[in-house]
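Residues per chain, in single letters:
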Amino acid sequence: MSVFSLSYSPCGRFLAAGNNYGEIALFSLSAALSPDATSQSQKPVLTFTAHEGPIFSLISTDCHLLSAGNGEISAWSWTELIKKNVKPLWTRRPNYKSSLEIPEINSMIINPRDNSLVVGAGDNNIHILDMEHGEFKSVLQGHSDYVHCVSVREREGEILSGGEDGAVRIWDSRTGQSVHCIEVYKYEDCARPQYGKWISCVTTDSDWMLCSGGPALSLWHLRSLSPTSVFPLTGCQRQATFYQDKILAVGEGPYVSHCLLGGKVKAEIPCTSQSLNTLQLNTNSTEHRVLTVGGSSDHIDVFTNLSYKAFSLSF
Amino acid sequence: MGAVTDDEVIRKRLLIDGDGAGDDRRINVLLKSFTKWCNSSGTPEEGFTQYQRMLGTLSQCEFSMGKTLMVYDMNLREMENYEKIYTNIEQSITSAHEKIAECKKEIQRAKRIRKNRQEYDALAKVIQQHPDRHETLKQLEALDKELQQLSHIKESVEAKLELRKKQFHVLLSTIQELQQTLENDEKSDNDDISQESPAENGD
């Protein structure tokens, strides 16, 4: 079993995990982190089948959990899920051109500026869903191969997307035009031709961007569109995030890498799974500030202190 | 059998312990001996000895009372001391809490500063790769000057070329005119000669 996606509830006390069988498991973090936790509290409080295919992306809004698998997006209410009621609120499908094969949805993110959901799909396009009306407003076309990951640059209102074709595209969310296109594999410092040119993860904090995949994990300065540091990590990184003054990255290899912005790898903290697919920091709650990672096993490692693994939840 | 033993036990205990323990016993014994002494009818020496004995017991009781009072005072003062220590410790706990919060804020600030420094370093690295602005400006100026010089030269060469062209043009047109004139002269010469000869032949 592989865990592909993780998401925290708005209150910060629950964790939802999606795996490759289409199941979502709900874990109670408050029970698992309390002083009198037993091995039972490391098991899910609720498991249900949400989709037919693997769930590649899970995100939480103020009151909903959105899950996406093979072409469909379902929304669940967190309060209902906590009460163990597993009926979805709605299920939508973006307008795909071809009706023969349904492309999978690899990544979703909420654009807080206009309260829309940005969906990166396997049909090479990015679909924007308006959360207020539930209608798909627009389609951003430009990638020549499927879109792996999307991210939002809040200050400028831009959407970043990385795809299999090796290009990171920056789109203006209002006009829907591609403002920039960075082909990472063309830069000598980052390119690793032995892994390919695909981009598997893109993340940004408005001034800087991290991208990785076939090319090495690199830090880009967005205003000048130039790579400033390349991190010497082996394997392809699947998800990376900025945290305080460090960069956390997971990918091939049973560890979470801590890197400094200058390009140095500070630490590699070992984890249970052989390779990791996702990492999430709980920013919704002050008392359960944990980092969780999931990967190619049924164990989800929980870190209360970033330097070592505290315990594992299992599916 | 049990009842008898019980009675025996009770009698024995009353005999041994009938007056209570310690100071209480002493006071009871004093009271009893006082009443006995008041009602006694023995010799005055005996009465005097008993009187002395009673005084002794009385002073013992007073002594033990004084001791207990002092112990009570001491306890009170110990309590106050402990209260003081307790409030001190509470204060230091709250101040330690505050210090911890301050330090946490400091650490956040320091992490932000470190992040900014690293971003600065990263950008500086990129910028260093590009050549210096002054040098580039100087190069640009030198190139500008060269360009100006070359265009001057080009202008002067072109002017010269124009002049030469015009001079050649004048020369060529003069030559042509001369040629024309010569041809005309020749033709008129020939005409004259051919006019003269038919005139001669005609004669």
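Residues numbered from 1 in each chain as written. Chains lettered and ligands numbered in written order. Predicted model: local features only at pLDDT ≥ 70, side-chain atom pairs only at ≥ 80, totals over all residues. Heavy atoms only, no water.

**Q** So what about the overall build of chain A? Which residues, and what values?
**A** The helix and strand inventory of chain A stands at two helices and 28 strands. Since a compact globule built from 315 residues should have a radius of gyration of about 20 Å, the 19 Å found for chain A is in line with a globular shape. In terms of overall dimensions, chain A has C-alpha extents of about 55 × 45 × 35 Å along its principal axes. Out of the 315 residues belonging to chain A, those deemed buried represent 56%. In chain A, the proportion of contacts linking residues at least 24 apart, taken out of those at least 6 apart, comes to 45%. Of the roughly 12800 Å² of accessible surface on chain A, a fraction of 46% belongs to carbon and sulfur atoms. Distance from the positive charge centre (24 side chains) to the negative charge centre (31 side chains) of chain A: 3 Å. (Helix = DSSP H or I, 4+ residues; strand = E, 2+ residues; numbered from the N terminus. Rg over C-alpha atoms; globule rule 2.2 N^0.38 Å. Buried < 20%, exposed > 50% of the residue type's maximum accessible area, 1.4 Å probe, protein only. Contact = heavy atoms within 4.5 Å. Areas by Shrake-Rupley, 256 points an atom, 1.4 Å probe, with all protein chains shown as cover. Lys, Arg positive; Asp, Glu negative; His and termini not counted. Charge placed at Lys NZ, Arg CZ, Asp CG, Glu CD.)

**Q** So what's going on with the overall build of chain B? Residues and values would help.
**A** Across its full length, chain B carries four helices and zero strands. The secondary structure elements of chain B, listed N-terminal to C-terminal, are α-α-α-α. In terms of its C-alpha atoms, chain B occupies a principal-axis envelope of roughly 235 × 45 × 15 Å. Here chain B displays about 18900 Å² of accessible surface, and carbon together with sulfur accounts for 58% of that area. Counting 30 positive and 38 negative side-chain charges, chain B places the averaged centre of each group 22 Å from the other.

**Q** Lay out the pairing of strand β18 (residues 208-213) of chain A in plain terms, naming residues and giving numbers.
**A** All names here are of chain A. Of all six residues in β18, six are buried, a share of seventy percent or more. Here β18 shows two buried faces, one formed by W208, L210 and S212 and the other by M209, C211 and G213. Judged from the five bridges that link them, strand β17 (residues 199-204) and β18 form a sheet pairing that is antiparallel. Note on β18: the bridge partner recorded for T204 is M209. Linkage of β17 to β18, two consecutive antiparallel strands, is achieved through a turn of three residues, within which S206 is found at a positive phi near 70°. Pairing between β18 and strand β19 (residues 218-221): four bridges, direction antiparallel. Within β19, the position partnered with L210 by the bridge is L219. (Pairing = 2+ DSSP bridges.)

**Q** Can you explain the nonpolar core? Please cite residues and give values.
**A** All names here are of chain A. Judged by nonpolar contacts, the single largest core of 15 residues is most densely connected at L15, A17, F27, I300 and L313. Among the elements that take part in this core, strand β1 (residues 3-8) stands out by supplying three residues, more than any other. In this structure L15 touches L6, S7, Y8, A25, L26, F27, L29, T292, I300 and L313, once residues within four positions along its chain are discounted. (Core = buried A, V, L, I, M, F, W, Y, C linked by side-chain atoms within 4.5 Å.)

**Q** How would you sum up the sheet that holds strand β15 (residues 167-172) of chain A? Please name residues and give values.
**A** Remark on secondary structure: sheet strands pair via backbone hydrogen bonds, oriented parallel or antiparallel. Residue and element names in this part refer to chain A. The antiparallel open sheet is built from four strands, whose spatial order is β13-β14-β15-β16. Since the sheet does not close on itself, it has two edges, and those belong to β13 (147-153) and β16 (178-183), each with one partner. Sheet twist, expressed as the average angle between the axes of neighbouring strands with direction ignored, equals 20°. As paired elements, β13 and strand β14 (residues 158-163) share six bridges and run antiparallel to each other. Within β14, the position partnered with V150 by the bridge is S161. (Axes fitted to C-alpha atoms, helices over the stretch in contact; angles between N-to-C directions.)

**Q** Give me helix α3 (residues 44-129) of chain B: which residues, what numbers.
**A** If you check α3(B), its first and last C-alpha atoms are 125 Å apart, about what 86 residues at 1.5 Å a residue would give, namely 128 Å. Of all the positions in α3(B), only G47(B), M54(B), T57(B), C61(B), S64(B), K115(B), Q118(B), E119(B), A122(B) and V126(B) are classed as buried. Where the residues of α3(B) are buried, they touch β18, β20 (226-230) and β23 (255-260) of chain A together with α2 (23-39) of chain B. (Expected span 1.5 Å × (residues − 1).)

**Q** Please give an account of a negative patch on the surface that cites residues and values.
**A** A contiguous patch of negative charge on the surface is contributed by E183(B), D185(B), E186(B), D189(B), D191(B), D192(B) and E196(B). Assignment of secondary structure puts E183(B) in helix α4 (residues 133-202). (Patch = residues over 30% accessible without salt bridge, like charges linked within 9 Å, V, L, I, M, F, W, Y side chains within 5 Å. Salt bridge = Lys/Arg side-chain N within 4 Å of Asp/Glu carboxyl O.)

**Q** Residue-level account of the sheet that holds β1(A), with values.
**A** Residue and element names in this part refer to chain A. Taken in spatial order, the four strands line up as β1-β2-β3-β4 in an open sheet, and their pairing is antiparallel. Edge positions in the open sheet fall to β1 and β4 (46-49), since each of these has one partner strand only. Across the sheet, the mean angle separating the axes of adjacent strands is 20° when strand polarity is ignored.

**Q** Quick rundown of the domain arrangement of chain B? Include the residues and the values.
**A** When cut into domains, chain B gives domain 1 (8-128) and domain 2 (150-185). The C-alpha-based centres of domain 1 of chain B and domain 2 of chain B are spaced at 132 Å. (Domains from an automatic or database assignment.)

**Q** Give me the lowdown on the interface of chain B and chain A, citing residues and values where you can.
**A** Taken together, the ten residues of chain B in the interface contact twelve residues of chain A. When chain B packs against chain A, the two sides together hide about 1200 Å² of surface, and 53% of this comes from carbon and sulfur. Of all residues in chain B, K111(B), K115(B) and Q118(B) give up the largest surface area on contact with chain A, accounting jointly for 40% of the area buried on that side. Here R114(B) ties to D245(A) by a salt bridge, and the two come within 2.5 Å at their closest N and O atoms. Connecting chain B to chain A are six residue pairs in polar contact (both at pLDDT 80 or more). By residue class, the composition of the side of chain B that touches chain A is three nonpolar, two polar and five charged. (Buried area = accessible area lost by both parts, 1.4 Å probe. Polar contact = N/O pair within 3.5 Å; in protein donor to acceptor, adjacent residues only side chain to side chain. Nonpolar A, V, L, I, M, F, W, Y, C, P; charged D, E, K, R; others polar.)

**Q** Explain the environment of H288(A) to me, using residue names and the numbers behind them.
**A** Residue and element names in this part refer to chain A. Tracing the chain through its elements places H288 in the loop between β25 (276-281) and β26 (291-295). For the pair H288 and T304, spaced 16 residues apart in sequence, the C-alpha to C-alpha distance is 8.0 Å. Beyond its immediate sequence surroundings of up to four residues, H288 is in contact with G12, R13, S30, L33 and N282.

**Q** Lay out the pattern of salt bridges with the relevant residues and their values.
**A** Residue and element names in this part refer to chain A. Enumeration according to the criterion identifies 13 salt bridges over all chains in this entry. When the shortest N-O distance is used, the salt bridge between R153 and E158 registers 2.8 Å. One exposure class covers both R153 and E158, and it is buried. The residue E183 makes a salt bridge to K186 at a minimum N-O spacing of 2.4 Å.

**Q** If you had to explain the packing of aromatic side chains to someone new, which residues and values would you point to?
**A** All names here are of chain A. One pass over the full model with this rule turns up seven aromatic pairs over all chains. Consider the rings of Y187 and W220, whose centres lie 4.9 Å apart with planes at 85°: the pair is edge-to-face. Taken together, the positions of Y187 in the loop between β16 and β17 and W220 in strand β19 put the pair 33 residues apart, joining distant regions of the chain. Taking the relative accessible area as the measure of exposure, Y187 reaches 31% and is therefore partly exposed. Of note, R92 hangs over the ring of W90, and the distance from its end group to the ring centre comes to 4.8 Å. (Phe/Tyr/Trp six-rings, centres within 6.5 Å; stacked < 30°, edge-to-face > 60°. Lys NZ or Arg CZ within 6 Å of the ring centre and 35° of its normal.)

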